[in-house]
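Take a look at the letters that make up each chain.
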Amino acid sequence: MSARAARPSPSRRTVLAAGGITSAAAALAACSSDGGDGGSDGGGGAAAADFEERGPITLAKGKDTTGKLAEFLDTWNTEHPDEKVTLIELPESADEQRQQMLNNAQAKSDAYTVLGLDVVWTAEFAANQWVVELPKDGFPLDELIPSTVVTGTYFDKLYAVPFTTNAQLLFSRTDLLEKAGLDGPPETFEEMYAAIETLQKEDSELLGFGSQYSKYEGLTVQTASLVASAGGELFDDKGVPHADSAEAITGIQTVRDGFDKGFIPQEALTYKEEESRQAYQDGRLAFLQNWPYVWALGQAEDGSSKVNGKMVASLVPGIDGPGSSTLGGLNLGISAFAKNKGTAVDFIAFMVDAVQQKDWGLATSQAPANAGVYEDQEMLDAFPFFPQLKEAIDKGTSRPAVVNYGDVTQAVQEAAYSCFSGEKDAEPAMTELQTQLGDLAQG
Amino acid sequence: MSATTPEIVTRDGTVLQAKKPKGRTAGSIVIALGMAFILVYCLAPFYWMIVSALRRPSEGRSTELIPSPISVENFVAVFDPSNHFARALLNSLVVAGGTTLLVLVLGVFGAYALARLDFRGKVLVMFLIVATSMFPVVTLVVPLLKLFSGGFEWFPVNWINTYQAMILPTISFALPLAVWNLNAFFRQLPVELEQAAMVDGTTRFGAFLRVILPLAAPGVFTTAIITFIAAWNEFLIALTMVNAPLMQTANVAISKFTGISQFDTPYGTKMAAGVIVTVPLIIMVLVFQRRIIGGLAAGSVK
Amino acid sequence: MAYLLLLPTLVLLALVVGFPLVLSAWQSLMQSGKGIDPATGLIIKGDTFVGLQNYLDAFTGAGAGAGFWNAFWNTTLFTVIGVSIETVLGVAMALIMARAMRATGLVRASILVPWAIPTVVSALMWQLIFDANGIANRLIGYQVLWTTEGWQAKAAVLIADIWKTAPYIGLLTLAGLQTIDTQVYEAAKVDGANRWQTFWRITLPLVRPVLVVAVLFRLLDAMRMFDLPYVLLGRLRSGQTLSMLATDAASKTDFGAASAYSMVLFAYICLVAFLFVKLLGADVIGEGNRPAKSRRAARRQRATSEGSLP
């Protein structure tokens, strides 16, 4: 190393000082300009949103591979050349979509106008004022299925309009039903377990019943469904939790019994929608509870499905009768930071109109929110299970409509998973859940 | 290493023959086995990725070791117009290439200063540089988004959907390793080399460019490759800063692939895209790896 | 002059990382309002200054801080076991590749494959491999439920992570090995050193600076691990790291807690890095210029090429 003595250059202090001052100044400026991140006032009450402004807008939604959405946008854009809609595609996973919308809200960016909101985000987005209250008369709400409109409502105000909805069905196999001696799909868990027992005597490799029991949002879907099917509810309409009610415990216990007796395979703890569908489609699983998308894939004739032609759909199994499925679907809301909200309202009304809804249903096989579409003959021809689906939606139950949904769903997942995996029994798990939900409900 | 027994010339001029190492063949076998192990280790999961991509789209989860029928549907689906994948690859190239170039320039300058120049606060500077690698990236995302979308008055730019919004943060993530790495390489080379060159009349920096840099070529090229790959694989910043389909990088495009339904994780297309995205990197390395060995042949203290 | 060379680097880092870091530190001292107005249902906004409450909650595991110690333990486990195995494997790979005569191009390119595959894709690939009915279980012959709570989940993360990063260390070490003058090896052979002595006394000290940097940065990355466990294991407690905990809190708009976790992680990493460099890598920073403080350091100095070669 050279023996040159270090020259005491003023530039070193300048550099380090410059760096330090920049950071500090930046911090101070940032802090003073908005009083800390995430803390600024939403600005006025929800009703003050300006719906007169018109102009170009954007739609932020997950990708559509059918090309139908692009068609809709073309139709709209041709009719409204000054109020064009641009599509902004969000990542595939719902969590990432929400994160993107959250980031934009934090940055108060006007990049997204119309948001494709999962049904469970309504309360959160409304309470945080990331979406604006919508004028009820701007949309044909009476044409939409009532239970779906509920998912877009918060504190009796409309914050999101249902675009598509979804409910789970029970998928059985005609050949296995015959073998088990049933003349139709089972309506209760008891019936189903009895059938599985008979079937497993002949074929011990057969996995009985499967649904989504991995530790993710799908588990909350299952739990809400089980509790509702047993006659209970996780939260009542005043926001008070009832997770430790006798009905709730019965609901959870039913599935726990299935695991204990081998009617539900252990690997179901790793199932999400796709894993369970694959097991059913490969012929290893006898009964599947899943969203209706599995129908088209299961009936494929190219050899990828071993159950094509043998599928039958019915309402999900319950305790004393057919059960209640949890509702899924997508709602459309308007970002609080966007411009041209007037155009956005009309665009949403366009999307939920019967014509578009039927078109969308035929192209994507997603369940439309518009009730009239379910009577259409073309739809019934294309999707023979639609009557059951409509019934399931009518009888469907919502997941908790709470503001801190993230915390609540995690608590529910922990409780359900610990019970199903055998770590805890149903009663202590649900009692603990009740305590946690109570703490969370108080904010 | 030479194949013949090496000759050593000691200081007083005598020529020695080094002993021929015993167990040479046994050593070669061990080395060969080792190479085979490395190949299998690195490529087995990659083989699985290729195989998964060559299945039919609805058979994503199959565990057959060789798919039958072999189907290139997934590869075709990757280049579906709605994915803008070719454009995304180009964007990735621009971002990764730009990042690597700038990182090398900044890194070489910075590492030179740290390795060869004496100044007070050197330890502090090195600590500051590495400290920036200690912060989880996810917490940087929202402030950066706000920064680059003009959310602060002292930085009045709107760089959303631009290359610089992706390149600048990525440079910051890659710089610390580059600076430290290059520093370590430069320090390995004795100062006498530059001094010898300077005796011939070149400047200090000229000596550095002409003598040290070529010798440190393995280090420089390795840093370049590591930086390029890190920038190529960057996801969070690219996702946050860009929402226009024509500006997104390949990783972001892959994250938006959908299957046939909203629950269908499109394993097939994502694996196919993974193969497509990895292959150029491997080709690039094959091209540049000669330079990595090449630096060695330049000779040394002679 | 030196400062001029370093100025662009420092300014860029200050802007992109320093500034959000300061912001985050400030945020960690606040809690966002969570109370709901009973009339409108809207959240009463506003941050309140709570001092170190977020940190206290984390350390005592109260309320929002419930998962802290679990995440802390996971982070530590993944780092210690992961980086140790990666280093051993990586150095072994580098040594093998340095000695091999043929097919180095192919092996060198393939060594990059694990590192080159984008994490968004490789995490998905491992998800496929570790599926309950996937190829891993098929090869083992037993159905291990990798993605359920328990040690197997941690093992899955470790396997995937080590696979990806051992070659990274290997590549950096290889470059370091190739900068060593072959004459050093010849001299060692003349002196009669066997392979093990050559490795331990000559190779390792000479490649130490490069290896230390590689391992140091791997430590930093391992402690911030996020993508892999997130995609592979999702919400499982067995796989949750501190980074995931911070992200989770941020996604639930609990920014105070998220910032607090990030700051704690930052401090933890600083501590680990400091200890590491202190114990192993002092000469990388430049303290090797001064006369050695101990005999061991003096021997080290002599062994590196910064001293004079005999």
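Every value quoted in this text rests on a predicted model; they were computed, and no experiment measured them.

Comments concerning the overall build of chain C
Here is step 1: A tally of regular secondary structure across chain C gives 14 helices and two strands.
Here is step 2: Burial statistics for chain C: of 310 residues in total, 54% are counted as buried.
Here is step 3: Within chain C, residue pairs in contact and separated by at least 24 positions form 67% of the contacts whose partners lie at least 6 positions apart.

Details of the overall build of chain B
Here is step 1: Across its full length, chain B carries 12 helices and two strands.
Here is step 2: Residues classed as buried in chain B amount to 52% of the 302 residues present.

Regarding helix α11 (residues 242-251) of chain C
Residues and elements named next belong to chain C.
Here is step 1: In terms of residue burial, α11 counts as a mostly covered element, since nine of its 10 residues are buried.
Here is step 2: Considered for burial, the residues of α11 that qualify are L242, S243, M244, L245, A246, T247, D248, A249 and A250.
Here is step 3: Of the residues one or two after α11, T253 is the one with positive phi, at around 55°.

Regarding the interface of chain C and chain B
Here is step 1: Each partner contributes residues to the interface: chain C has 83 residues there, and chain B has 83 residues.
Here is step 2: For the side of chain C that touches chain B, the per-class residue count stands at 58 nonpolar, 16 polar and nine charged.

Structural notes on the packing of helix α2 (residues 53-60) of chain C against helix α12 (residues 255-280) of chain C
Residue and element names in this part refer to chain C.
Here is step 1: It is the contact of α2 with α12, at a shortest axis distance of 9 Å, that shows an interaxial angle of 70°. By the angle between their directions, the pair α2 and α12 is classed as roughly perpendicular. Each of N54, Y55 and A58 in α2 lies in contact with α12, whose residues at this interface are G256, A257, A260, Y261 and V264.
Here is step 2: Among the residues making up the contact of α2 with α12, the classes are represented as six nonpolar, two polar and no charged.

Considerations on the domain arrangement of chain B
Residue and element names in this part refer to chain B.
Here is step 1: For chain B, the assigned domains are domain 1 (29-71) and domain 2 (80-297).
Here is step 2: The centre of domain 1, based on its C-alpha atoms, is set 29 Å off from the matching centre of domain 2.
Here is step 3: Of the residues lining the interface, seven residues belong to domain 1; the matching set on domain 2 comes to six residues.
Here is step 4: Considered class by class, the residues forming the side of domain 1 that touches domain 2 number four nonpolar, two polar and one charged.

Details of the sheet that holds strand β12 (residues 367-368) of chain A
Strands in a sheet are paired, the pairing made by backbone hydrogen bonds, and the direction either parallel or antiparallel.
Residues and elements named next belong to chain A.
Here is step 1: Across the sheet, six strands lie side by side as β2-β1-β3-β11-β6-β12; this open sheet has mixed pairing. The open sheet has two free edges, formed respectively by β2 (85-90) and β12, since each of these has just one partner strand.
Here is step 2: Bridge analysis of strand β1 (residues 57-62) against strand β3 (residues 114-118) gives two bridges, and the strand direction is parallel. Each residue of the ladder has a partner; that of L59, found in β3, is V114.
Here is step 3: Helix-sheet contacts for helix α12 (residues 341-351) involve β1, β2, β3, β6 (161-167) and β11 (327-334), and the interaxial angle to β11 is about 150°.

Looking at the confidence of the model for chain C
Do not read the predicted coordinates in detail wherever pLDDT is low.
Residues and elements named next belong to chain C.
Here is step 1: On average, residues of chain C score 80 in pLDDT, and 87% of them reach the 70 mark or higher.
Here is step 2: Helix α3 (residues 68-99) holds the highest mean pLDDT among the elements of chain C, 90, whereas helix α14 (residues 295-303) holds the lowest, 50.
Here is step 3: In the predicted structure, residues 287-294 sits below a pLDDT of 50 and forms nine contacts with residues beyond four places in sequence or in another chain.
Here is step 4: Across the whole predicted complex the pTM is 0.79, and at the interface the ipTM reaches 0.75.

Here's the deal with unusual backbone geometry
Residues and elements named next belong to chain A.
Here is step 1: The phi angle at Q129 is positive, at roughly 60°, despite the residue not being glycine.
Here is step 2: In this fold, Q129 is placed in the loop between α4 (122-127) and α5 (146-151).
Here is step 3: A positive phi angle, near 65°, is found at D156, a position not held by glycine.
Here is step 4: The residue D156 is located in the loop between β4 (153-154) and β5 (157-158) in this model.

A few points about the packing of helix α9 (residues 217-232) of chain B against helix α7 (residues 151-178) of chain C
Here is step 1: Following both chains from N to C, one finds α9(B) and α7(C) inclined at 165°, their axes separated by 8 Å at the closest point. The orientation of α9(B) with respect to α7(C), classified from their angle, is roughly antiparallel. Considering the relative orientation of α9(B) and α7(C), their crossing is right-handed. Along its contact with α9(B), which presents P218(B), G219(B) and T222(B), the element α7(C) presents L171(C), L172(C), A175(C) and Q178(C).

Some words on the confidence of the model for chain B
All names here are of chain B.
Here is step 1: This prediction gives chain B a mean pLDDT of 78; 84% of its residues lie at or above 70.
Here is step 2: When pLDDT is averaged over each helix and strand of chain B, the minimum, 57, is found for strand β2 (residues 15-17) and the maximum, 90, for helix α3 (residues 85-116).
Here is step 3: Here residues 294-302 is a poorly scored stretch, pLDDT under 50, and it has 12 contacts once near neighbours within four places are set aside; other chains count.

Regarding the sheet that holds strand β10 (residues 311-314) of chain A
Residue and element names in this part refer to chain A.
Here is step 1: What the four strands build is an open sheet, ordered β8-β9-β7-β10; its pairing is mixed. The open sheet has two free edges, formed respectively by β8 (207-210) and β10, since each of these has just one partner strand. Neighbour-to-neighbour, the strand axes of the sheet open up by a mean angle of 15°, direction not taken into account.
Here is step 2: Both β8 and strand β9 (residues 285-290) contribute to a ladder of three bridges, which runs parallel.

Remarks on the pairing of β3(A)
All names here are of chain A.
Here is step 1: For β3, the tally of buried residues reaches five of five residues, placing the bulk of the element in the interior.
Here is step 2: Residues V114, G116 and D118 of β3 are buried on one face, and the alternating residues L115 and L117, pointing to the opposite face, are buried as well.
Here is step 3: Alignment of β3 against β11, held across five bridges, turns out to be antiparallel. Bridging across to β11, G116 finds its partner in L332.

As for the pairing of β2(A)
Here is step 1: Note: β1(A) against β2(A), six bridges, orientation parallel. Within β2(A), the position partnered with K61(A) by the bridge is E89(A).

Describing helix α5 (residues 141-148) of chain B
Residues and elements named next belong to chain B.
Here is step 1: Judged by how many residues are buried, α5 sits mostly within the fold: eight of eight residues are covered.
Here is step 2: Regarding α5, the residues found buried are V141, V142, P143, L144, L145, K146, L147 and F148.
Here is step 3: Positive backbone phi, at 75°, marks G150, one or two positions downstream of α5.

Topic: the environment of F19(C)
Here is step 1: Counting through the fold element by element, F19(C) comes out in helix α1 (residues 2-27).
Here is step 2: Distance in space between the C-alpha atoms of F19(C) and A92(C) is 40 Å, their sequence separation being 73 residues.

Some thoughts on the environment of Y213(A)
Residues and elements named next belong to chain A.
Here is step 1: On the secondary structure map, Y213 appears in the loop between β8 and α8 (217-229).
Here is step 2: Look at Y213 and you get buried, because 27 C-beta atoms sit within 10 Å.
Here is step 3: A sequence separation of 200 residues divides Y213 from Q413, and the C-alpha atoms of the two residues are 9.1 Å apart.
Here is step 4: Excluding anything up to four places from it in sequence, Y213 contacts L219, Q222, A268, L269, Y271 and F420.

Section: the environment of F235(B)
Here is step 1: Assignment of secondary structure puts F235(B) in the loop between α9 and α10 (236-241).
Here is step 2: Here the alpha-carbon distance between F235(B) and T170(B), two residues 65 residues apart in the chain, equals 9.8 Å.
Here is step 3: Once you skip the residues sitting within four places of it in the chain, F235(B) turns out to touch N251(B), T119(C) and V120(C).

About the thresholds
Residues numbered from 1 in each chain as written. Chains lettered and ligands numbered in written order. Predicted model: local features only at pLDDT ≥ 70, side-chain atom pairs only at ≥ 80, totals over all residues. Helix = DSSP H or I, 4+ residues; strand = E, 2+ residues; numbered from the N terminus. Buried ≥ 20, exposed ≤ 12 C-beta atoms within 10 Å, placed from the backbone. Contact = placed C-beta atoms within 7 Å. Nonpolar A, V, L, I, M, F, W, Y, C, P; charged D, E, K, R; others polar. Axes fitted to C-alpha atoms, helices over the stretch in contact; angles between N-to-C directions. Parallel < 35°, antiparallel > 145°, perpendicular 65-115°, else oblique. Domains from an automatic or database assignment. Pairing = 2+ DSSP bridges. pLDDT = per-residue confidence, 0-100. Left-handed = near helix turned anticlockwise from the far one by under 90°.

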